Amino acid sequence: MSSNHISGAEIVIRCLHEEKVKFVFGYPGGAVLNIYDAVFQQNKFKHVLVRHEQAAVHAADAYSRSTGKVGVALVTSGPGATNAVTGIATAYMDSIPMVIISGQVPTYAIGQDAFQECDTVGITRPCVKHNFLVKDIKDIASTMKKAFYVASSGRPGPVLVDIPKDITAEKYEFSYPKSVHLRSYNPIIKGHSGQIKKALSLLLNAKRPMIYSGGGVVLGDASSQLSKFVRTIGSPITSTLMGLGGFPASDKQFLGMLGMHGTYEANMAMQECDVLLAVGARFDDRVIGNPEHFLSKPKTIIHIDIDPSSISKRVKIDIPIVGDVVSILTELNDLLSKENMKQNAYLKHWFKDIDQWRSMNCLSFKNDKKLIKPQFVIQTLHKVTKGDAFITSDVGQHQMWAAQYYPFDKPRRWINSGGLGTMGVGLPYAMGAQLAHPDAQVACVTGEASIQMCIQELSTCKQFHLPIKIINLNNRYMGMVRQWQEFFYGNRYAESYMEALPDFVKLAESYGHVGMKIEKPSDVEPALKEAFSNKLKERLVFMDFITDQKENVFPMVPNGKGLSEMITAEDL
Amino acid sequence: MRHIISLLMENESGALSRVSGLFSARGYNIESLTVAPTEDPTLSRMTIVTSGSDEIIEQIIKQLNKLIDIVKVLDLNDGRFIERELMIVKVKANAQYRDEMKRMCDIFRGRIIDVSDNSFTIEITGSSSKLDAYIESIDKAAILEIVRTGASGIGRGDRILKV
């Protein structure tokens, strides 16, 4: 054996160094002991020990969401891998570039029902962009290279590499490929020029143009190109839950989020427009509601997306443009700069309609003297953090309130599970975001139900000194479930009441953090100011806000209904 | 409508289950699926017979193209093509059926490839509908066993699916 031969485990580590990985989120176990031994003997990346594999994947996912880089998680075989599945599926639904390395039992034991064996590649196949089982040490480096390339190119997504233990013990020389070519995988970058010209002319001549931007704008780092384009053509714009921050929320042209809990003006404008440009969005059920109702008002639809399968999936598209969103928007902006731009005369009328819808003031709510309104907490959070924090959320009412009442002016600041809707992501998401941005303010907006799904990570936060602020909107209910039960199930609150809650202040303190319980509306702002003050700059603060139990999220498009069939707070 | 989709994919373990998993996960129909290596041992060719509206077929093609292991996809129904399926059928060939089974085999241009006192084993190739027609034409009580390969297809003339 020549002296430059190193172990498979060391090869894995060297690959991560080549990819300039800064953080690996993981949890050790039998099948990855060789890899962990190699982790121990290096210092180019930091390993973040979580308390449950699900959190490792979520944290790596948020690291990616907040930076645009590939997130990396490392888990052991069997239960390590199955625990990671929720995290992987969450990342897959939101197209987050990640590489997950899982240990596997030795090659000779595969299929023998060995201890901690499971068919990881089989289990994860439907929720990864691609996965690999490495059966030969010679293939480790090239597989890792492919994994990072596939995860981060085209429509991004998680890629899993399953490595049997014996492969990590063998020795082989390390050589990392400089480039990678897959004959079966060639994402389209440049959009069709003819289609782009057609799209622009349609938009410029529209009477009621509308732009609808999605997570693809954030993932593709296209917000500056999008903003330039939208400001030049002057049309209104809305965003999906995943696209928030892709266009500045404080801009007059922005109508707020659309969809099931979108603003009245955004949903009405989506319904009433005559030319719609969708950018990196996928017309999903929570966004446009019932597709037939959506199309009942005739409109010409232009759709920019990197994934051809997103086009005409739920709604027939008139002008599809497949390619990278930056490349296409740049081409559109170049065309626009050559255009002799006259103010589109119709826009004035269109904005008149929009202003009328805006005057509904659909997000208004009545503050109370005794009960804390959850919306008020979010508004105050926005004020105290000057709108510049990284906000992660769990899933439910608090998630919608955060999206509605914390306007984002920058991309990658709003981190939540939009597609899979995974409760429990909030705290690990905040960990990933805080590690990536150590000096930034990071707040996790959550509820007393969601936070308990990954509460063990308070321990990880202690170990790594993560000064996250947890905004727990505690209404003693699984709020969104309760809301649906109130509206659609005759107030029968089946199993949605949270009994036997812990004392969150003591719980936080037992993990070595700061706990606060806030019960009066007048205490909301002082408490938030204190939590974000210099005094507590280095500390995790768990803020338990005891909120109004009966508050609901409005507006709401009931499931299966059309966008213009919203229920507003006034209707009830 | 019934469509025959041909595709070339990397001849790697797991590639087949990616395709079959896609069909079950998204609720697409599979009438038949056949796969075998090509003259290039790194590539397998698969033929899938499916059915659905134009929108569903469009999605199936796009979703197949999205799988990393798949190199090329072709909907044979987009042009002229030839379809063949092989069926091996074992039928009763006792005194009551012997002559009729020989006659039906000839009519459908099959070949008897095994003979015993009481049975014939017959090989028939043709489009899937021709094989269906054969089964329709003979007495059901005479059928002992049937095995079909599922359809394979190829474009006519200059239509070639190759890397």
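Residues numbered from 1 in each chain as written. Chains lettered and ligands numbered in written order. Predicted model: local features only at pLDDT ≥ 70, side-chain atom pairs only at ≥ 80, totals over all residues. Heavy atoms only, no water.

A.B. asks: How would you summarise the overall build of chain A if you had to cite specific residues and measurements?
C.D. replies: For chain A, the count of helices and strands is 22 helices and 20 strands. Each of the three principal axes of chain A carries a C-alpha extent, and together these read 80 × 60 × 45 Å. By sequence separation, contacts in chain A at least 24 residues apart represent 77% of the contacts at least 6 residues apart. As displayed, chain A has an accessible area near 22700 Å², and 51% of this comes from carbon and sulfur atoms. For chain A, the distance from the average position of its 62 positive side-chain charges to the average position of its 56 negative side-chain charges is 5 Å. (Helix = DSSP H or I, 4+ residues; strand = E, 2+ residues; numbered from the N terminus. Contact = heavy atoms within 4.5 Å. Areas by Shrake-Rupley, 256 points an atom, 1.4 Å probe, with all protein chains shown as cover. Lys, Arg positive; Asp, Glu negative; His and termini not counted. Charge placed at Lys NZ, Arg CZ, Asp CG, Glu CD.)

A.B. asks: Break down the packing of helix H16 (residues 374-384) of chain A against helix H22 (residues 521-531) of chain A for me, with residues and values.
C.D. replies: Residue and element names in this part refer to chain A. It is the contact of H16 with H22, at a shortest axis distance of 10 Å, that shows an interaxial angle of 30°. As for how H16 packs across H22, the hand of that crossing is right-handed. Between H16 and H22, the contacting residues are Phe-376, Val-377, Thr-380, Leu-381, Lys-383 and Val-384 on the first element and Pro-521, Val-524, Glu-525, Leu-528 and Lys-529 on the second. When the residues that make up the contact of H16 with H22 are grouped by side-chain class, the tally is seven nonpolar, one polar and three charged. (Axes fitted to C-alpha atoms, helices over the stretch in contact; angles between N-to-C directions. Left-handed = near helix turned anticlockwise from the far one by under 90°. Nonpolar A, V, L, I, M, F, W, Y, C, P; charged D, E, K, R; others polar.)

A.B. asks: Lay out the side chain of Ser-496 of chain A in plain terms, naming residues and giving numbers.
C.D. replies: All names here are of chain A. Inspection of the secondary structure puts Ser-496 in the loop between helix H20 (479-488) and helix H21 (504-510). Overall, the relative accessible area of 0% leaves Ser-496 in the buried class. Within the structure, the side chain of Ser-496 is placed 2.7 Å from the side chain of Gln-485, a separation counted as a polar contact. Once residues lying within four places of it in the same chain are set aside, the contact partners of Ser-496 are Arg-476, Tyr-477, Met-478, Val-481, Arg-482 and Gln-485. (Buried < 20%, exposed > 50% of the residue type's maximum accessible area, 1.4 Å probe, protein only. Polar contact = N/O pair within 3.5 Å; in protein donor to acceptor, adjacent residues only side chain to side chain.)

A.B. asks: Residue-level account of the interface of chain B and chain A, with values.
C.D. replies: Size of an interface: often given as the accessible area lost when the parts come together. Across the contact, 16 residues belong to chain B and 17 residues belong to chain A. At the boundary of chain B with chain A, total buried surface from both sides reaches about 1500 Å², with 45% on carbon and sulfur atoms. Run the count over chain B and chain A and you get three salt bridges. When the shortest N-O distance is used, the salt bridge between Asp-307 of chain A and Lys-66 of chain B registers 2.8 Å. Between the two partners, chain B and chain A, sit 10 residue pairs in polar contact (both at pLDDT 80 or more). (Buried area = accessible area lost by both parts, 1.4 Å probe. Salt bridge = Lys/Arg side-chain N within 4 Å of Asp/Glu carboxyl O.)

A.B. asks: Any details on the environment of Val-150 of chain A? Residues and values, ideally.
C.D. replies: Tracing the backbone through its elements, the reader meets Val-150 of chain A in helix H6 (residues 140-152). Between the C-alpha atoms of Val-150 of chain A and Pro-97 of chain A, which are 53 residues apart in sequence, the distance is 8.5 Å. In contact with Val-150 of chain A, not counting residues within four places along its chain, are Lys-129, His-130, Val-159, Leu-182 and Tyr-185 of chain A together with Ile-68 of chain B.

A.B. asks: Quick rundown of H20 of chain A? Include the residues and the values.
C.D. replies: Residue and element names in this part refer to chain A. What H20 keeps buried is the set Gly-479, Met-480, Arg-482, Gln-483, Trp-484 and Gln-485. The inward-facing, buried residues of H20 abut helix H12 (285-288) and helix H17 (397-405). Gly-490 lies just past H20 and shows a positive phi near 55°.

A.B. asks: So what's going on with the pairing of strand E5 (residues 98-104) of chain A? Which residues, and what values?
C.D. replies: Regular strands place their side chains on alternate faces of the sheet. Residue and element names in this part refer to chain A. Burial runs high along E5: seven of the seven residues are buried. Because side chains alternate across E5, one face comprises the buried residues Met-98, Ile-100, Ser-102 and Gln-104, and the other comprises Val-99, Ile-101 and Gly-103, equally buried. As paired strands, strand E4 (residues 71-75) and E5 are joined by five bridges and run parallel to one another. In the strand pairing of E5, Val-75 is matched with Ser-102. What joins E4 to E5 is helix H4 (residues 79-93), and the crossover it makes is right-handed. (Pairing = 2+ DSSP bridges. Right-handed = clockwise from strand over helix to strand, strands pointing away.)

A.B. asks: Explain the sheet that holds strand E6 (residues 130-133) of chain A to me, using residue names and the numbers behind them.
C.D. replies: All names here are of chain A. On the basis of which strands lie adjacent, the open sheet formed by six strands has the order E3-E2-E4-E5-E7-E6 and parallel pairing. The sheet is open, and its two borders are formed by strand E3 (46-49) and E6, each paired with just one other strand. Sheet twist, expressed as the average angle between the axes of neighbouring strands with direction ignored, equals 20°. Both strand E2 (residues 23-26) and E4 contribute to a ladder of two bridges, which runs parallel. Note that in E4 the partner of Phe-25 across the bridge is Ala-73. Packed on one face of the sheet, H6 meets E4, E5, E6 and strand E7 (158-164) and runs near 165° to E7.

A.B. asks: Give me the packing of helix H3 (residues 53-67) of chain A against H4 of chain A: which residues, what numbers.
C.D. replies: Residues and elements named next belong to chain A. It is at 7 Å that the axes of H3 and H4 come closest, and there the two elements cross at 30°. Considering their axes alone, H3 and H4 lie roughly parallel with respect to each other. Classified by chirality, the crossing of H4 by H3 is right-handed. Between H3 and H4, the residues in contact are Glu-53, Gln-54, Val-57, His-58, Asp-61 and Arg-65 and Gly-80, Asn-83, Ala-84, Thr-86, Gly-87, Ile-88, Thr-90 and Ala-91, respectively. Of the residues in the contact of H3 with H4, the class split is four nonpolar, seven polar and three charged. (Parallel < 35°, antiparallel > 145°, perpendicular 65-115°, else oblique.)

A.B. asks: Describe the domain arrangement of chain B, and please don't skip the residues or the numbers.
C.D. replies: All names here are of chain B. According to the domain assignment, chain B contains domain 1 (2-78) and domain 2 (82-152). Inter-centroid distance (C-alpha atoms) of domain 1 to domain 2 is 29 Å. At the interface, six residues of domain 1 touch six residues of domain 2. Counting the contacts that link domain 1 with domain 2 gives one salt bridge. Of the charged contacts, one joins Arg-2 and Glu-83 as a salt bridge, the two residues approaching to 2.8 Å between their closest N and O atoms. Between the two partners, domain 1 and domain 2, sit three residue pairs in polar contact (both at pLDDT 80 or more). Going through the elements one at a time, strand E1 (2-10), strand E2 (32-37) and strand E3 (43-51) are the ones with two or more residues in the side of domain 1 that touches domain 2. Taken together, the residues of the side of domain 1 that touches domain 2 break down into two nonpolar, three polar and one charged. (Domains from an automatic or database assignment.)

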